[in-house]
Protein chains: 2
Amino acid sequence: MNIISRQSGAAFILKKGEQLKIQSPQGNQVSDMVLFNLNDTREKISSGKTLDFEESILISRGNYLWSNRSEKMMMILEDTNGRNDFLLAPCSPETFEIMYHHKGYHPSCFENLYRNLEAYDIFPDDIPTAFNIFMNVQFDTDGKLSVDPPTNTPQDYILFEAQKDLIVGLTACSAEDSNGGSFKEIAYEIIAQKNE
Amino acid sequence: MNIISRQSGAAFILKKGEQLKIQSPQGNQVSDMVLFNLNDTREKISSGKTLDFEESILISRGNYLWSNRSEKMMMILEDTNGRNDFLLAPCSPETFEIMYHHKGYHPSCFENLYRNLEAYDIFPDDIPTAFNIFMNVQFDTDGKLSVDPPTNTPQDYILFEAQKDLIVGLTACSAEDSNGGSFKEIAYEIIAQKNE
């Protein structure tokens, strides 16, 4: 498997029909993922369209990830942990300043996404709300949000299948609050389409 | 007040410090709103940043609407109905095809937003998840989403104050399910900044 070092990111191409498996080798680590159409990067993953079509805040096995053009980008084939967030934006320098009163430089998923995606002519303003894999966001019926430590073990994984040719941006999340206070790697594997 | 006819939309400039009041003259009508920075339209309203910074799915009086650049775009000064949605994308032609199995043309908030915003060089792919004013989206702790009829009366209103110079896109929503089965107008008023 490919390893994304702690507090860093990666970007790569995933062709239609290929599968993407994501795990945390040490467990308890979140990974933010964004998707773009390889052939027209103005088409991208959309939280609003996904929550709309899937009629659920929680997105897991059997759900699709949809684009801003109302097209399917990925299907979730397996999800052994079962907790992912699609509400909150990737952590950014301002997250640490405004919410955590951090002073000085702090690595962030936002920076790790756009620095890896700029090779594909995707820039900071193009980064949408990410699909936050293994992120344990809790909410009550009053809508109050809280971020709890992730519960994924080293054995847990999520398996996606690309529904079109994609550019994938992926991180090992940099936010203390999302990862139970420590940073770990993220591992990913691209599984070629099986011949039928 | 300015009137947006049933199943249509409008776009206009709102300067920093100006207030925007939105009402449904007949009641029980939703209005989708998107925001762009007047001076650089790549900065736009962000559901993910707003839910993150406000730590709530429900956004009402006292909350800010934030941009993808982590800046405040609007503050909500008053909200007498108190139910707005920031989860679901604006209804689009595909919403009616995929979710409601509608055949043929159907007006949509998505079309009414981009057709009005194209005068500002804002195009369909630029439309983010909208702030859905008076939209009565219910959810349980399992994340299951449902759209109930809106509860706003003709007296209810929401009052925003612009935190920077903005382009505002606004609709009288075209989706039967969001509006209790019938379409009504939306009224809006721009209130100039008061001299101190």
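Procedures and definitions
Residues numbered from 1 in each chain as written. Chains lettered and ligands numbered in written order. Predicted model: local features only at pLDDT ≥ 70, side-chain atom pairs only at ≥ 80, totals over all residues. Heavy atoms only, no water. Phe/Tyr/Trp six-rings, centres within 6.5 Å; stacked < 30°, edge-to-face > 60°. Helix = DSSP H or I, 4+ residues; strand = E, 2+ residues; numbered from the N terminus. Buried < 20%, exposed > 50% of the residue type's maximum accessible area, 1.4 Å probe, protein only. Lys NZ or Arg CZ within 6 Å of the ring centre and 35° of its normal. UniProt positions renumbered as here; feature names shortened; annotations may be inferred. 1 Å grid on protein atoms, 1.4 Å probe; cavity = no way out; pocket = protein on both sides within 12 Å on 5 of 7 lines; lining within 4 Å. Points joined across faces, edges and corners; volume = space filled by probe spheres on them. Nonpolar A, V, L, I, M, F, W, Y, C, P; charged D, E, K, R; others polar. Contact = heavy atoms within 4.5 Å. Buried area = accessible area lost by both parts, 1.4 Å probe. Salt bridge = Lys/Arg side-chain N within 4 Å of Asp/Glu carboxyl O. Polar contact = N/O pair within 3.5 Å; in protein donor to acceptor, adjacent residues only side chain to side chain. Pairing = 2+ DSSP bridges. Axes fitted to C-alpha atoms, helices over the stretch in contact; angles between N-to-C directions. Least-squares fit on C-alpha atoms with pLDDT ≥ 70 in both.

As annotated in an unreviewed UniProt entry, chain A carries the name DUF1989 domain-containing protein and comes from Zunongwangia profunda.

Engineer: Can you walk me through the packing of aromatic side chains in this structure?
Structural biologist: Each aromatic ring pair is specified by the distance between its two centres and by the angle formed by the two planes. Residues and elements named next belong to chain A. Evaluation of the coordinates by the stated rule reveals 15 aromatic pairs over all chains. Taking 5.4 Å as the distance between ring centres and 70° as the angle between the ring planes, the aromatic pair formed by Phe 110 and Tyr 114 counts as edge-to-face. Taken as a pair, Phe 110 and Tyr 114 lie in helix H3 (residues 109-117) at a separation of four residues, close to a single helical turn. By relative accessible area, Phe 110 is classed as buried at 15%. With relative accessibility at 17%, the residue Tyr 114 sits in the buried group. Across from the ring centre of Tyr 157, 4.6 Å away, lies the NZ or CZ of Lys 21, which sits over that ring.

Engineer: Is there a simple way to think about the UniProt feature "domain: DUF1989" (unreviewed entry) in chain A in this case?
Structural biologist: Within the UniProt annotation, "domain: DUF1989" (unreviewed entry) is assigned to residues 3-167 of chain A. The span residues 3-167 of chain A carries 15% helix and 35% strand; its end-to-end C-alpha distance comes to 18 Å.

Engineer: What is the right way to read the layout of surface pockets from this model?
Structural biologist: Any space left empty among the atoms is revealed by the rolling of a water-sized probe across them. In this structure, the largest pocket spans a volume of roughly 820 Å³. Lining the largest pocket are 41 residues, with Lys 44 of chain A together with Lys 44, Asp 125, Asp 126 and Pro 128 of chain B positioned closest to its centre. Among the secondary structure elements, those contributing two or more residues to the lining of the largest pocket are strand E5 (40-44) and helix H1 (47-54) of chain A together with strand E5 (40-44) and helix H1 (47-54) of chain B. Partitioned by chemical class, the residues of the lining of the largest pocket number 18 nonpolar, 11 polar and 12 charged.

Engineer: I tried to follow the interface of chain B and chain A on my own but got confused; where do I start?
Structural biologist: When the parts come together, some accessible area is lost, and that loss is often what is quoted as the size of the interface. Contacts between the two partners involve 34 residues from chain B, matched on the other side by 34 residues from chain A. Summed over both sides, the interface of chain B with chain A buries roughly 3000 Å², with 57% coming from carbon and sulfur. Taken together, the connections running from chain B to chain A amount to four salt bridges. The salt bridge involving Arg 42 of chain A is made with Asp 125 of chain B; its shortest N-O contact spans 3.9 Å. Linking chain B with chain A are 14 residue pairs in polar contact (both at pLDDT 80 or more), by the criterion used here.

Engineer: Any chance you could explain helix H3 (residues 109-117) of chain B here in plain terms?
Structural biologist: In an α-helix, one full turn covers 3.6 residues, which means residues spaced three or four apart are oriented alike. For H3 of chain B, the tally of buried residues reaches seven of nine residues, placing the bulk of the element in the interior. Where H3 of chain B is concerned, the buried positions are Cys 109, Phe 110, Glu 111, Asn 112, Leu 113, Tyr 114 and Leu 117 of chain B.

Engineer: Even after reading the chapter, I still don't get the sheet that holds strand E3 (residues 19-23) of chain B, so can you show me in this structure?
Structural biologist: Across a sheet, strands are paired by hydrogen bonds formed along the backbone, either parallel or antiparallel in direction. Residues and elements named next belong to chain B. With respect to topology, six strands assemble into an open sheet ordered E1-E13-E3-E11-E7-E6, the strand pairing being antiparallel. Edge positions in the sheet fall to strand E1 (2-4) and strand E6 (64-66), since each of these pairs with one other strand and no more. Ignoring which end each strand starts from, the neighbouring axes of this sheet average 25° apart.

Engineer: What is the right way to read the relation of the copies chain B and chain A from this model?
Structural biologist: In this arrangement, two copies of a chain are superimposed by a rotation about an axis accompanied by a shift along the axis. You can overlay chain B on chain A at an RMSD of 0.0 Å; the transform is a turn of 180° with a shift of 0.0 Å along its axis. In symmetry terms, the pair is related by a two-fold rotation axis. Taking the C-alpha atom as reference, chain B places Thr 141 of chain B closest to the rotation axis, 3.1 Å from it. By residue overlap, the copies meet face to face through one surface: 100% of the interface positions of chain B are interface positions in chain A.

Engineer: I keep staring at the environment of Arg 42 of chain A and nothing clicks. Help me out?
Structural biologist: With respect to the secondary-structure elements, Arg 42 of chain A resides in strand E5. A C-alpha to C-alpha distance of 9.9 Å links Arg 42 of chain A and Ser 67 of chain A, two positions 25 residues apart in sequence. Those residues in contact with Arg 42 of chain A, other than ones at most four positions away along the chain, are Asn 68 and Arg 69 of chain A together with Asp 125 of chain B.

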